[in-house]
Amino acid sequence: MLTAYRRICAYLCFYIEPVTGSASVDHMLPKSTHWQQIYEWTNYRLACSMMNSRKNCIANVLDPFEIEPGWFELELVAFQVKPGQKTDAQAKKRILETIEIMGLNDRECRKLREDYALLYWNRDISLAFLERRAPFVALELKRQGRLNKQ
Amino acid sequence: MLGSLALQHVGPASALEMELKPRLNFITGDNGLGKSFMLDVAWWALTRTWSGRPAAPHRNPKAAPRISYCLASGEIRSSIFTWETRTWPVDADQSGAPCLVIYAQVDGGFSVWDPARNTGRKAGDSGPAAYRFKADDVWEGLEVNGKPLCNGLIRDWTTWQGKRNRAFDQLQHVITRLSPPGDKALAIGEPMRIDLDDARDFPTLIMPYGQTVPVVHTSAGIRRIIALAYLLVWAWQEHLAAAELTNRKPVENIVFLVDEIEAHLHPRWQRSILRALLEVADALTHQKQTSVQLLTVTHSPLVLASAEPEFDSEQDSIWAFEERNGFVYLEQQRWRRLGDASNWLGFLGIEEPVALEAEQALHEAYAILSQEEADLETAEAIDRELRTVLSDVNPFWIRWSSWLEALRGAS
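Residues numbered from 1 in each chain as written. Chains lettered and ligands numbered in written order. Predicted model: local features only at pLDDT ≥ 70, side-chain atom pairs only at ≥ 80, totals over all residues.

### Focus: the overall build of chain B
Helices and strands together make up the secondary structure of chain B, namely 12 helices and 17 strands. Here the C-alpha coordinates of chain B stretch approximately 90 × 65 × 40 Å along the principal axes. Put simply, chain B has 411 residues, and 37% of those count as buried. (Helix = DSSP H or I, 4+ residues; strand = E, 2+ residues; numbered from the N terminus. Buried ≥ 20, exposed ≤ 12 C-beta atoms within 10 Å, placed from the backbone.)

Structure, rendered in structure tokens:
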């Protein structure tokens, strides 16, 4: 599963460093209500320790697999995620709920995005490294024309 | 109000000096360097009484142990230790400070000095020179010379509540102010019996989760807050009564000495306690000109961080006890906004707000990063160590992994 996901957390979209007791697979559907499906491969998502500690049995969170391109955008001042401009009202509502429930804009998450972006802009890390480690940040920098000049 | 303290040959160093500001004064420093001792001396300077044992001077026959201090009037007073009687003598014609002083000790005890009641009294007089409450006395009441000085929180609270008098309004107000913001504030419930063999009705609080809990069963943190709230209201009420009996005007200054202001408090309460204490005095006295001076010992980065919006170097000060080469120093610190509690931890001497093992591994990583040429094998060993202590989403990984990848590529 780690290989299939290239160690990227399905919720936060960052590389999960191999540390003792970290990356865990997560049940998308709560075990308590969908116990007969607990061994279904398609019912698992890879989650980092931070996200895994937050997603317990919350049915309203968007399934990472149903998210369409453009649903999430990143603003590059405080590094918060927000619903994309072209999302319809219903998707927007679910996106905002997911951000709230998963705490996608709390300090720890914003700091991590900020560090990736600053290090890239500062040329401490390469675009290839950024794309491998923080694909969402890389995508947003590209979309907003904020990539470094060659 | 206390203006300054200067100690010679008493306490943790041969000389200590402290200039207080009129509002907030923080003392920080490691355990055992003399922070609480400074509060004891401040209490003595304000009230001419010791709340515990008198300060014991250094055993140096040539030295003349001395405590000097100045109150708001600006006149410097001194006391030189008398070895024969082992006392700190004070001039009989000099009275204590003309302000209400409340000293909250860390064991739950309190001392109260009321200039309208305690001035001019000495040991052996009809009344005490100051009021001392052990932790239980605040709750159960305190008798002095066979007369009830204070009925205690349990009795007074229910009596006030029955009468719905001004004291009860104030108590309610103070408890609301001391509750942390965000949540529903603590509210006062109806008193209830809790003991077969105790005829008293016990005051209750309605907790934010809706249940009514007798105050004696609430958490240590809440009990300390309500003991403080009650004692404030009690001291102020009694002061007003005494001022009227003695044809005096009520005081315009309240001084709080609080040892470990954060004791037993959840971080959320630690963030609001300071502001609450400052506001409480206004609420009690209904006079904006009543000023509050606070001298407090704290170990809490959150208490300090919470003071940032409030802090004003004209009115407030921060002091640190430090040990260097076997000597203890007390020095005023330059105030600046540090932004968050992690940085305040740094101010308190903790560089990395992480477990000791993680700090050790990070220091090894910093060391190899600062070398001109890093050895891959050592770097890999440090990397393995880091993986046993850091979280998978620690921002340090970004730089570290990128650097390690480059090092692997180079060799």
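Right, picking up where we left off after that structure.
### Brief notes about the overall build of chain A
Secondary structure summary: chain A contains five helices and four strands in total. Along the chain direction, N to C, the helices and strands of chain A fall in the order β-β-α-β-β-α-α-α-α. In chain A, buried positions account for 31% of the 150 residues. In chain A, once contacts between residues fewer than 6 apart in sequence are set aside, the share between residues at least 24 apart is 55%. (Contact = placed C-beta atoms within 7 Å.)

### Remarks on the interface of chain B and chain A
Tallying the contact residues gives 11 residues for chain B and 20 residues for chain A. Counting only elements with at least two residues in the side of chain B that touches chain A, the list comes to α11 (376-389) and α12 (396-410) of chain B. Among the elements that make up the side of chain B that touches chain A, the one with the highest residue count is α12 of chain B (four residues). Across the side of chain B that touches chain A, the residue classes break down as five nonpolar, three polar and three charged. (Nonpolar A, V, L, I, M, F, W, Y, C, P; charged D, E, K, R; others polar.)

### As for the sheet that holds strand β4 (residues 66-71) of chain B
Residues and elements named next belong to chain B. The four strands are arranged β2-β1-β4-β5 in an open sheet whose pairing can be described as antiparallel. The open sheet terminates on both sides in strands that have one partner only, identified here as β2 (15-19) and β5 (76-80). Geometrically, the sheet is characterised by an average inter-axis angle of 10° between neighbouring strands, direction not taken into account. Bridge count between strand β1 (residues 2-8) and β2: five bridges; the pairing is antiparallel. Its bridge partner being in β2, Gln-8 is matched across the sheet by Ala-15. Packing against the sheet, helix α1 (residues 35-47) makes contact with β1, β2 and β4, and its axis sits at approximately 115° to β1. (Pairing = 2+ DSSP bridges. Axes fitted to C-alpha atoms, helices over the stretch in contact; angles between N-to-C directions.)

### Comments concerning the nonpolar core
Counting residues in each nonpolar core, the largest one holds 95 residues, and the members touching the most others are Ala-42, Val-101, Ile-102, Ala-229, Tyr-230 and Leu-232 of chain B. Per element, the largest residue contribution to this core is 12 residues, and it comes from helix α6 (residues 220-245) of chain B. Apart from residues no more than four positions distant in its own chain, Ala-42 of chain B is found in contact with Leu-2, Leu-5, Leu-257 and Leu-295 of chain B. Ranked by size, the runner-up nonpolar core spans 45 residues in total, among them Leu-46 of chain A together with Ala-379, Ile-382 and Leu-404 of chain B. (Core = buried A, V, L, I, M, F, W, Y, C linked by C-beta atoms within 7 Å.)

### Some remarks on the environment of Asp-201 of chain B
All names here are of chain B. Within the secondary structure layout, Asp-201 lies in the loop between β11 (187-192) and β12 (202-206). Along the chain, Asp-201 and Val-258 lie 57 residues apart, while their C-alpha atoms are 30 Å from each other. In this structure, Asp-201 is in contact with Thr-158, Pro-191, Met-192 and Arg-193, ignoring residues within four places of it in sequence.

### Some words on the sheet that holds β12 of chain B
Within a sheet, adjacent strands bond to each other through the backbone by hydrogen bonds, running parallel or antiparallel. Residues and elements named next belong to chain B. Strand order in this open sheet of three strands is β11-β12-β13, and the pairing throughout is antiparallel. Across the chains shown, the open sheet's two edge strands, defined by having one partner strand only, are β11 and β13 (212-214). Averaged over all pairs of adjacent strands, the angle between their axes in this sheet comes to 35°, without regard to strand direction.

### A closer look at the confidence of the model for chain B
In this model, chain B carries an average pLDDT of 88, and 97% of its residues clear a pLDDT of 70 or more. Predicted as a complex, the structure gets a pTM of 0.80 and an ipTM equal to 0.70. (pLDDT = per-residue confidence, 0-100.)

### Notes on the packing of α6 of chain B against helix α7 (residues 267-285) of chain B
Residues and elements named next belong to chain B. It is at 11 Å that the axes of α6 and α7 come closest, and there the two elements cross at 15°. Between α6 and α7, the angle is such that the two are roughly parallel. The interaxial crossing formed by α6 with α7 has right-handed handedness. The segment α6 lies against α7, with Gly-221, Leu-232, Val-233 and Trp-236 engaging Trp-269, Val-280, Leu-284 and Thr-285. (Parallel < 35°, antiparallel > 145°, perpendicular 65-115°, else oblique. Left-handed = near helix turned anticlockwise from the far one by under 90°.)

### Describing the pairing of strand β14 (residues 253-258) of chain B
All names here are of chain B. Most of β14 is tucked away, with six of its six residues classed as buried. Where burial is concerned, the two faces of β14 agree: the one with Asn-253, Val-255 and Leu-257 and the one with Ile-254, Phe-256 and Val-258 are both buried. Where strand β6 (residues 100-104) and β14 come together, five bridges link them in parallel fashion. From the neighbouring strand, Tyr-103 faces β14, where its bridge partner is Leu-257. As defined by bridge partners, β14 adjoins strand β15 (residues 291-297) across six bridges and the pair is classed as parallel. Among the inter-strand pairings, Ile-254 is bridged to a residue of β15, identified as Val-292.

### Section: the packing of helix α4 (residues 152-163) of chain B against helix α5 (residues 166-178) of chain B
Residues and elements named next belong to chain B. Close contact between α4 and α5 brings their axes to 7 Å; oriented N to C, the two are set at 115°. With respect to α5, the element α4 is oriented roughly perpendicular. The two elements α4 and α5 meet at a crossing, and its hand is left-handed. Here α4 contributes Trp-157, Trp-160, Gln-161 and Lys-163 to the contact with α5, which in turn contributes Ala-167, Phe-168 and Leu-171. Grouping the constituent residues of the contact of α4 with α5 by class yields five nonpolar, one polar and one charged.

### Here we look at the environment of Pro-267 of chain B
Residues and elements named next belong to chain B. On the secondary structure map, Pro-267 appears in helix α7. For Pro-267, a count of 14 C-beta atoms within 10 Å corresponds to the partly exposed category. For the pair Pro-267 and Ser-300, spaced 33 residues apart in sequence, the C-alpha to C-alpha distance is 8.9 Å.

### A closer look at α1 of chain B
Residue and element names in this part refer to chain B. Here α1 contains 13 residues, and its C-alpha end-to-end distance of 19 Å stays within 8% of the 18 Å for a straight helix at 1.5 Å per residue. α1 sits mainly inside the fold: 11 of its 13 residues count as buried. When α1 is considered as a whole, its buried residues turn out to be Lys-35, Met-38, Leu-39, Asp-40, Val-41, Ala-42, Trp-43, Trp-44, Ala-45, Leu-46 and Thr-47. Arg-48 sits one or two residues past α1 and shows a positive phi near 60°. (Expected span 1.5 Å × (residues − 1).)

### Side note on the pairing of β2 of chain B
Because side chains alternate across β2 of chain B, one face comprises the buried residues Leu-16 and Met-18 of chain B, and the other comprises Ala-15, Glu-17 and Glu-19 of chain B, none of which is buried. Hairpin geometry of β1 of chain B and β2 of chain B is characterised by an intervening segment of six residues between the two adjacent antiparallel strands and by a positive phi of about 55° at His-9 of chain B.

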